[in-house]
Amino acid sequence: MIQQIYITDYLSDAAAETAAVIQGLIEHCPLLLKADWDVMPATPLNALFSTLQAGDYPASSVAAILRAQQATLTDLPALCLLPVHLGLQRDTFSLQGTVQMSPEVYAYLTEALQQHFVQDFTVHATAGQRYWWIQPLHALEAHSPWPQDCLYQQAFQWQPQGTHATRVRQWTNETQMLLHQFSQDQDLPGWPARLNSLWFASVPQMPVWRHQWQTVMGAGAVFEGLRAAQLPALKQQALAEVLQDKTITQALMVVDQPEQVDWQVLSAALHKGQLSALEITLPLAERSVRVTYKKAYRWRFWRKAHSLTSLLNTLEASLPGFKIPASA
């Protein structure tokens, strides 16, 4: 069996913790120290959509997938609004990642945003409380990328584009002023210190699926979005069930975070030689790391295994001027 696993990290929670993610992966599956590790220019989302659509597609496609679950949205143009942390420098700034909020802060911001922008758009809360859906009340022609494509890049590279891009930038400026005001409010407990901006991401058209996988399984928001988007061959199956099914020769797994993979089952399958090949795509800033393991590697005793330190050093060496961050 050939198995591919995509850890989408669609909210960029793990992209800044690559060292910790790789360490956890090795602890669960020590055999992967004998695998091939390569830094890829595409993000996990880009790589996933390229696989599912047989072409190159932007990470912003995930907005259409996530929106498919929001039945209350009409056909009006929509934006996804995400809480983020911008790293401010002397002359410019860069996106450092999205920010988690407490239910109280999320509810407070939902009401505050709706009141402030009542003449501009409506605000739709989401069950996971990690972002909002925004429906403009007037025509809007603007294109803004998904955050994962923009991590650690200078601001000029990811500014909104289009006829009404100035309007989106104005909304962003207003949200920054509001957040600064709210952060000074002593009566609002639990305010996340990293939250200093809101990110408007545009929602493109729904992708057209062209993949050839027998089985697509997984867990999380992206997987449920793919279900709502009627991705072919998607099945609600556990990894152990798929590995035991001799009729399945190719399977793909989609998860949001590393914790959603049953690494114990996967490690046992590697030791037993149940997988002829395994490919895992991990987040690395605005890139990804591809881990490729083949069944034959078990018997190549001359093949020197990595240590965790040497592996991280090798990955860093392929990215001049970049240091893999250990934590957010």
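The structure this text deals with has already been given above.
The structure displayed is predicted, hence computed values, not measured ones. Along each chain, residue indices are assigned from 1 in the same order as the chain's sequence is written. With the structure being a predicted model, the display of local features is reserved for residues of pLDDT at least 70 and the display and counting of side-chain atom pairs for 80 or more, all residues being used for whole-chain, interface and lining totals. Hydrogen atoms and water are omitted, and side-chain values are computed over all heavy atoms in the structure.

Chemist: Any chance you could explain the nonpolar core here in plain terms?
Modeler: Where a protein is soluble and globular, its nonpolar side chains tend to be buried together. Counting 43 residues, the largest nonpolar core has Tyr 10, Leu 82, Trp 146 and Leu 226 as the members making the most contacts within it. Elements with a minimum of two residues in this core: helix 2 (44-53), helix 3 (61-67), strand 3 (79-88), strand 7 (197-202), helix 6 (221-228) and strand 9 (250-255). In this structure, Leu 243, Leu 270, Ile 280 and Leu 311 belong to the second largest nonpolar core, which totals 40 residues. Working definition of a nonpolar core: buried Ala, Val, Leu, Ile, Met, Phe, Trp, Tyr and Cys residues. They are joined through side-chain atoms within 4.5 Å. In this scheme, a residue with accessible area under 20% of its type's maximum is buried, one over 50% is exposed, and one in between is partly exposed, where area comes from a 1.4 Å probe on protein chains only. Secondary structure is summarised from DSSP: a helix means a run of H or I of at least four residues, a strand means a run of E of at least two, and numbering begins at the N terminus for each.

Chemist: I would appreciate a short explanation of the state of the cysteines in the present structure.
Modeler: As used here, a disulfide is simply a covalent bond connecting the sulfur atoms of two cysteines. Cysteine sulfur atoms that come within 2.5 Å of each other are treated as a disulfide pair. Summed over the entire model, instances satisfying the criterion amount to zero disulfides. The thiol of Cys 80 is unpaired, and the distance to the nearest cysteine sulfur, on Cys 150, comes to 13 Å.

Chemist: Before we go on, may I ask you to explain the packing of aromatic side chains in this structure?
Modeler: Any two rings among Phe, Tyr and Trp, with Trp reduced to its six-membered ring, count as a pair given centres within 6.5 Å; such a pair is stacked if its planes are under 30 degrees apart, edge-to-face if over 60, and tilted if neither. Tallied over the full model, the rule gives ten aromatic pairs. Centroid distance Phe 121 to Phe 200: 6.1 Å. Interplanar angle 65 degrees. Geometry classified as edge-to-face. Of this pair, Phe 121 sits in strand 5 (residues 121-124) while Phe 200 sits in strand 7, placing them 79 residues apart in sequence. A residue is classified by how much of its surface remains accessible, and Phe 200, at 3% relative accessible area, is buried. Feature note: the residues Phe 117, Phe 121, Trp 171 and Phe 200 constitute an aromatic cluster, connected by ring pairs.

Chemist: Looking at this structure, I do not really get the packing of helix 4 (residues 103-116) against helix 5 (residues 165-183). What am I missing?
Modeler: Two packed helices can be described by the angle between their axes and the distance between those axes. Helix axes are fitted to C-alpha atoms over the stretch in contact, other axes to C-alpha atoms as well, and angles between N-to-C directions run from 0 to 180 degrees. Where helix 4 meets helix 5, the closest approach of the two axes is 12 Å, and the angle between their N-to-C directions is 135 degrees. By the angle between their directions, the pair helix 4 and helix 5 is classed as oblique. Relative to helix 5, the crossing made by helix 4 is right-handed. Contacts between helix 4 and helix 5 involve Tyr 108, Leu 109, Ala 112, Leu 113 and His 116 from the first element and Glu 174, Thr 175, Leu 178, Leu 179 and Phe 182 from the second. When residues are sorted by character, Ala, Val, Leu, Ile, Met, Phe, Trp, Tyr, Cys and Pro go into the nonpolar class, Asp, Glu, Lys and Arg into the charged class, and all the rest, Gly among them, into the polar class. Residues of the contact of helix 4 with helix 5, tallied by class, amount to seven nonpolar, two polar and one charged. Should an angle lie under 35 degrees it is considered roughly parallel, over 145 roughly antiparallel, and from 65 to 115 roughly perpendicular; all remaining angles are considered oblique. Should the near helix be turned counterclockwise from the far one by less than a right angle, the crossing is left-handed, whereas a clockwise turn marks it as right-handed. Pairs of residues are marked as contacts when any of their non-hydrogen atoms sit within 4.5 Å.

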